[in-house]
Amino acid sequence: MKIAVLVKEVPDTWGDRRLDPSTKRVDRSSDVVVDEVDEKAVEIALQLQAANAGSTVTVVTMGPKRALDSLRKGLAMGADSAIHLVDDGLAGSDAVQTSAALAAALAPRGFDLVIAGNESTDGRTAAVPAMLAERLGVAQLTALRTLHVSGSTVSGERVTDDGYVDVETSLPAVVSVNEQIAEARYPSFKGIMGAKKKPVEVLGLGDLGLAAGDTGAANSWSVVHDVTARPARTGGTIVTDDGTAATQLADYLAAAKLI
Amino acid sequence: MFTLTRDQVALVDAVRDFATNELAPHAAEWDETHYFPIEVLREAGRLGLGGIYASEQFGGSGLSRSDAVRIFEELAVGDPTIAAYISIHNMVVWMIDRFGDARQRARWLPSLTTMDALGSYCLTEPGMGSDAAALRTRAERVGDQYVLNGVKQFISGAGAAAVYVVMARTAETGSHGISAILVPADAPGLSFGPLEKKMGWHAQPTRQVIFDDVHVPVANRLGSEGDGFGIAMGALNGGRLNIGACSLGGGQFALDKAVAYLKTREAFGSPLIEKEALLFQLADMRMQLEAARTLLWRAADALDRGADDAVPLCAMAKRMATDAGFEVANASLQLHGGYGYLTEYGIERVVRDLRVHQILEGTNEIMRLIVGRDLAGA
């Protein structure tokens, strides 16, 4: 089984994250890390590889040169190879364009299973996996909290607002997984030192068969009209315990649809 | 030496993630309950922490001493006690890897490097610490066996370890009459004293190791008869670097806590960090740690290169780093006021843990003796 895992470099959620008002894009000048859910996607891919002899795991990212570090993290965890989509003409692409670029990279390489995180912590569109499946013309299972492959059948529990649904389809397929899918392993020292010896395929627009007008911020299908800084934190609601604090608290949480 | 490669940064990042997630959240509880987390050590083994600078043939990570000091500093930010035990384990692994024959290495290293098996280093004896060459534990040769009798004191990991590297007297020729012998935990006649009650290092067991007619094959000896003292001292060079790094990590943790606390704590109308007397104190703490870190990296580099001055440099670095770590932690406690004295803030634990680093792996007085004798002999 040939498995591809989509990983994305995102601003560290531990730091201050902001949108740049001039470009209306995520400010990527701060510390960046591999999106946590993508590390979990790599983990489940490695587990599937271990359970299915002869499988390979390829980590795939689209991003600037430094995003090679994110691929290295996946390789250090145990992935076999990497694909890096890097081109100035790709910068600022929206989800529609990103899915086109990824499809152009993945389609000719014939992956049986593509695993992605369900949504990134920066863009949060949660749209790329579904768009990618459409472009590749294969089945999609999204928002999975478990993932199994048996023969040519891929299945899992798809999380919904009310609980979960058992879903399954046939390979080839694109699946997206949520943060419950697995706990990512720590890369071993040997994995870290060996990562640089693993193959990384670098693809630009020309290699992908895309034209300059197909991708990038100037040709985006979606436009961000405005960005606004998050309002400063306000005092919040103070519950005074007059003997009914528990009830008040429950009412508050119920009103916010948290319970 | 001071610019890290991408790989070196990735190694440190991986250890920081491990220490942040698997050590730091539990350090207070392990201290309070005197719990030695062997299952977490096995996790550490999977990263490659069981044989950091052992060769890769039997599962070691094949890294340098310079990598090791950065690794131990990060581990100790999470928990100095566990970091320090991992250092001791690595001393044992290095001794077997460096001085063991093919059969000894194949037998012990695969399980030690994964930390499925743990190691203990047995040099010190009751009433005999700094004057290690005077040790009295005896290994008498009877046919193809050694029969060991004696007591080892302050042994980390005792009772939990699978193998004990025991420095024992095989001849009455002072430091040249000592041999290093591997004693498996299941050897008949091997027993342990009660858990020592101690100021810090609660998360690892410290006990006497007692040998009462313990028979082991002569084939369990590392190197030649009489090589033991040199082997033990060789392991201590790395041990001193590592323990210095553990002090730096603990000190850095305490400094970071102090900075965060002084930013939020207000008195006399403003945050404490705006009081220059306290700001200067923080600056001094940072300078102490940075100076010690710089010396530690230099000493590690010297050991990596096998430089002539590696031994005194390791001694200097151990003394400076363990003093700096303790003093910074103690200063952080003072800056926290009464809260620093409370267990909840985590500072007093680090002060207690780091105190012993000034005593073990050669006391800081012995470090000055090594450096001074090197001067006098030069």
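Novice: Honestly, the overall build of chain B in this entry has me stumped. Any pointers?
Specialist: Within chain B, the secondary structure is distributed over 12 helices and 10 strands. A globule of 378 residues ought to have a C-alpha radius of gyration of about 21 Å, and chain B, at 21 Å, matches this closely. Each principal axis of the C-alpha atoms in chain B carries an extent, and together these give about 80 × 50 × 40 Å. Taking all 378 residues of chain B together, the buried fraction comes to 55%. A separation of at least 24 residues holds for 74% of the contacts in chain B among residues at least 6 apart in sequence. Charge-centre separation for chain B: the mean point of 35 positive side chains lies 3 Å from the mean point of 46 negative side chains.

Novice: Whenever I open this one, the environment of A:Asp166 confuses me. Can you help?
Specialist: Residue and element names in this part refer to chain A. Its place among the elements puts Asp166 in strand E12 (residues 164–170). The spatial distance from the C-alpha of Asp166 to the C-alpha of Trp221 is 34 Å, given a sequence separation of 55 residues. Setting aside residues no more than four positions away along its own chain, Asp166 makes contact with Gly156 and Glu157.

Novice: Any chance you could explain the pairing of strand E1 (residues 2–6) of chain A here in plain terms?
Specialist: Two faces, one strand: in a regular strand the side chains alternate between the faces of the sheet. All names here are of chain A. Within E1, four of the five residues are buried, which leaves it mostly tucked inside the rest of the structure. Where E1 meets strand E6 (residues 56–62), five bridges bridge the pair, whose relative direction is parallel. Residue pairing for E6: Ile3 is matched across the bridge by Val57. Where E1 and strand E8 (residues 113–117) come together, three bridges link them in parallel fashion. The residue of E8 that forms the bridge with Ala4 is Val114.

Novice: Would you mind showing me how to read the environment of A:Ala45 here?
Specialist: Residues and elements named next belong to chain A. Within the secondary structure, Ala45 sits in helix H1 (residues 36–51). With a relative accessible area of 0%, Ala45 lands in the buried category. Along the backbone, Ala45 and Leu147 are 102 residues apart, and their C-alpha atoms lie at a distance of 9.4 Å. Apart from residues lying up to four places away in sequence, Ala45 is in contact with Ile3, Val5, Val57 and Ile115.

Novice: Before we go on, may I ask you to explain the confidence of the model for chain B in this structure?
Specialist: Reading predicted coordinates in detail is not appropriate for stretches of low pLDDT. A residue-level look at chain B finds 100% of positions with pLDDT of 70 or above and a mean pLDDT of 97. Taken together, the chains of this predicted complex give a pTM of 0.90 and an interface ipTM of 0.90.

Novice: Looking at this structure, how should I read the packing of aromatic side chains?
Specialist: How two aromatic rings sit relative to each other is set out by the distance from centre to centre and by the angle between their planes. As enumerated under the stated definition, the model contains eight aromatic pairs over all chains in all. Judged by centre distance (5.5 Å) and plane angle (80 degrees), the rings of A:Tyr186 and B:Phe18 are edge-to-face. One end of the pair, A:Tyr186, is in the loop between strand E13 (173–177) and helix H5 (189–195); the other, B:Phe18, is in helix H1 (residues 6–23), on a second chain. Residues A:Tyr186 and B:Phe18 agree in their burial class; the two are buried. A ring pair is formed by B:Tyr261 and B:Tyr345, whose centres lie 6.4 Å apart and whose planes are at 85 degrees; its orientation type is edge-to-face.

The rules behind each value
Residues numbered from 1 in each chain as written. Chains lettered and ligands numbered in written order. Predicted model: local features only at pLDDT ≥ 70, side-chain atom pairs only at ≥ 80, totals over all residues. Heavy atoms only, no water. Helix = DSSP H or I, 4+ residues; strand = E, 2+ residues; numbered from the N terminus. Rg over C-alpha atoms; globule rule 2.2 N^0.38 Å. Buried < 20%, exposed > 50% of the residue type's maximum accessible area, 1.4 Å probe, protein only. Contact = heavy atoms within 4.5 Å. Lys, Arg positive; Asp, Glu negative; His and termini not counted. Charge placed at Lys NZ, Arg CZ, Asp CG, Glu CD. Pairing = 2+ DSSP bridges. pLDDT = per-residue confidence, 0-100. Phe/Tyr/Trp six-rings, centres within 6.5 Å; stacked < 30°, edge-to-face > 60°.

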